[in-house]
Amino acid sequence: MLDLDIGKMGDHVQKYVNDNDMNLKNSFWKKNIRNLPGRASPKKESKSVSSSASTSFDDFQESVSDAWEIEAEDEILRISDVKISKRVAHSAAVNVINNHKASIEEIHKSKNYSNSDPQGESSSQTYKESRHTENRVNFLNSEVDTNKLTKFQVLLESNLLNLEDLKKLSWSGVPVEVRPMTWRLLAGYLPTSTERRQEALDRKRIDYANLVKQYYDTDKDEVYKDTYRQIHIDIPRMSTPLFQQTTVQEMFERILFIWAIRHPASGYVQGMNDLVTPFYVVFLQEYLPIGTNIETLDVSSISKKNRDSLEADSFWCLSKFLDGIQDNYIFAQLGIQYKVNQLKELIQRIDGTLHGHLMKHGIDYLQFSFRWMNNLLTRELPLRCSIRLWDTYLAESDCFAIFQLYVCAAFLLHWRQELLEEKDFQGLMIMLQNLQTQNWTDTDISLLVAEAYKLKFTFADAPNHLTTKR
């Protein structure tokens with residue numbers, strides 16, 4: 001069930017419906033503002049930087065030496081000059097968040113009692129009425145959640161699953177009760193036929209156990225020792241208490257090492273451990289009672305059989321997830337420059353004022369969006385919000401890399417006003433590298449992807465619109 005900040009969410013929806021400037025002013029909850037690998041250290045430049053100049057990739061590479069090395073896809077996105085009707089785009093985006101809008105607006109109205117005299121009779125009556133309204137809306141939200149869960153359960157239990165229907169249903173978020181099975185199906189790990197799923201699951205878990213024996217439990221080949229050493233260094237950097245446990249670190253080491261061995265064209269790249277995390281946590285929850293505090297969980301208390309299944313499922317889903325974008329991880333990093341340039345061009349078209357402000361103060365998009373692109377925003381958001389975002393990414397299937405461009409654009413535009421208030425390079429960089437995301441909830445993620453959808457609908461190349469029928 002969505003955790004709504006009533007007053008704030010009412011404001012969000014009102015702005016979303018009426019404002020064409022695309023300035024959603026919601027807030028995020030903070031993950032960890034300490035320096036992380038891959039984070040550029042903001043330093044005031046000693047010389048001025050013109051609006052047309054940009055920091056070279058070689059200069060910036062040193063400050064993000066632990067981040068992914070990534071190569072461009074053959075073709076990410078072509079931005080057209082077609083001007084799609086704002087009214088149509090607006091309506092499409094509103095439809096995406098329509099399920100949230102009605103209840104949020106009603107809750108927002110119910111908050112009017114806070115402006116009344118708490119000692120007065122009218123105030124007391126208003127408070128009672130508003131509490132009644134809020135309780136009724138909460139009941140409606142529970143009913144909506146229950147209905148959505150039922151839809152998932154019916155779909156997942158069908159003899160032959162319609163994967164497209166599952167993607168459409170998952171795009172706006174997956175209930176925690178069915179998320180593990182849904183993610184396995186969206187990742188392409190399991191077949192759509194219910195009769196074949198358990199057999200496929202058992203076979204893949206045995207296959208992974210054999211891979212561990214073949215590659216990990218033997219003496220490491222000299223050519224792979226550097227890979228193992230780097231993984232062994234990176235894993236302890238994960239600050240969450242769950243990932244400081246020896247049992248968990250060993251599981252991550254095996255997953256990443258075997259993936260690197262099986263993908264020699266790219267191998268292991270620093271920061272890839274962040275992409276194991278969402279899968280690991282989602283599948284871990286399958287073996288725990290709902291409501292268990294994962295932060296304090298002793299993973300070694302889970303049975304060996306369940307730990308092996310958890311590790312195998314995380315490995316195969318990671319592999320499936322990365323297969324579609326493996327070319328991004330080859331040694332040359334020209335691909336990331338191309339993606340960053342796409343973001344730069346997109347922001348320039350959407351909000352020339354913000355773009356000009358960043359250029360005026362010498363901010364290169366590479367300096368802040370490198371990690372956004374490579375770590376899929378996992379270092380910018382709390383873990384539970386990253387998991388909700390991945391519901392949408394997995395539902396996007398092979399197109400998620402394209403959609404992520406618009407998610408990054410929406411994420412940047414979210415901080416527009418605060419960025420415009422910063423008047424120098426250092427202030428801008430400190431803010432961009434430490435965005436205050438501590439108040440984000442699942443609802444905020446839903447609004448973020450809705451805004452990204454609107455941007456994609458409005459600014460993406462639409463060749464069908466240019467076709468002239470004769």
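Residues numbered from 1 in each chain as written. Predicted model: local features only at pLDDT ≥ 70, side-chain atom pairs only at ≥ 80, totals over all residues. Heavy atoms only, no water.

Caption draft 1: Just the overall build of the chain, in detail. A count of helices and strands for the chain gives 21 helices and zero strands. Classification of the 470 residues of the chain by burial places 52% in the buried group. In the chain, 80% of the contacts between residues at least 6 apart in sequence involve partners at least 24 apart. Accessible surface for the chain amounts to roughly 22500 Å². Of this, 47% is attributable to carbon and sulfur atoms. (Helix = DSSP H or I, 4+ residues; strand = E, 2+ residues; numbered from the N terminus. Buried < 20%, exposed > 50% of the residue type's maximum accessible area, 1.4 Å probe, protein only. Contact = heavy atoms within 4.5 Å. Areas by Shrake-Rupley, 256 points an atom, 1.4 Å probe, with all protein chains shown as cover.)

Caption draft 2: Structural detail: unusual backbone geometry. Positive phi, close to 55°, is recorded for Leu376, a residue that is not glycine. Examined against the element boundaries, Leu376 turns out to sit in the loop between α15 (366-374) and α16 (383-395). Positive phi, close to 65°, is recorded for Leu377, a residue that is not glycine. In this fold, Leu377 is placed in the loop between α15 and α16. Taking relative accessible area as the criterion, Leu377 reaches 0% and is therefore assigned buried.

Caption draft 3: Layout of helix α14 (residues 352-360). Listed as buried for α14 are Leu354, His355, His357, Leu358 and Met359. Looking one or two places after α14, you find Gly362, whose phi comes out positive at around 75°.

Caption draft 4: Spotlight on the pattern of salt bridges. Counted by the stated rule, this structure contains 13 salt bridges. Linking Glu164 and Lys167 is a salt bridge whose minimum nitrogen-to-oxygen distance equals 3.5 Å. Taken together, the residues Glu164 and Lys167, both in helix α6 (residues 163-170) and three residues apart, mark about one turn of the helix. For Glu164, a relative accessible area of 44% corresponds to the partly exposed category. Among the charged side chains, a network of salt bridges with common partners joins Arg184, Arg205, Glu286 and Asp313. (Salt bridge = Lys/Arg side-chain N within 4 Å of Asp/Glu carboxyl O.)

Caption draft 5: A look at the environment of Thr458. The residue Thr458 is located in helix α20 (residues 442-459) in this model. Taking the C-alpha atoms as reference, Thr458 lies 9.8 Å from Ile350; in sequence the two are 108 residues apart.

Limitation: the analysis is restricted to geometry and does not speak to function.
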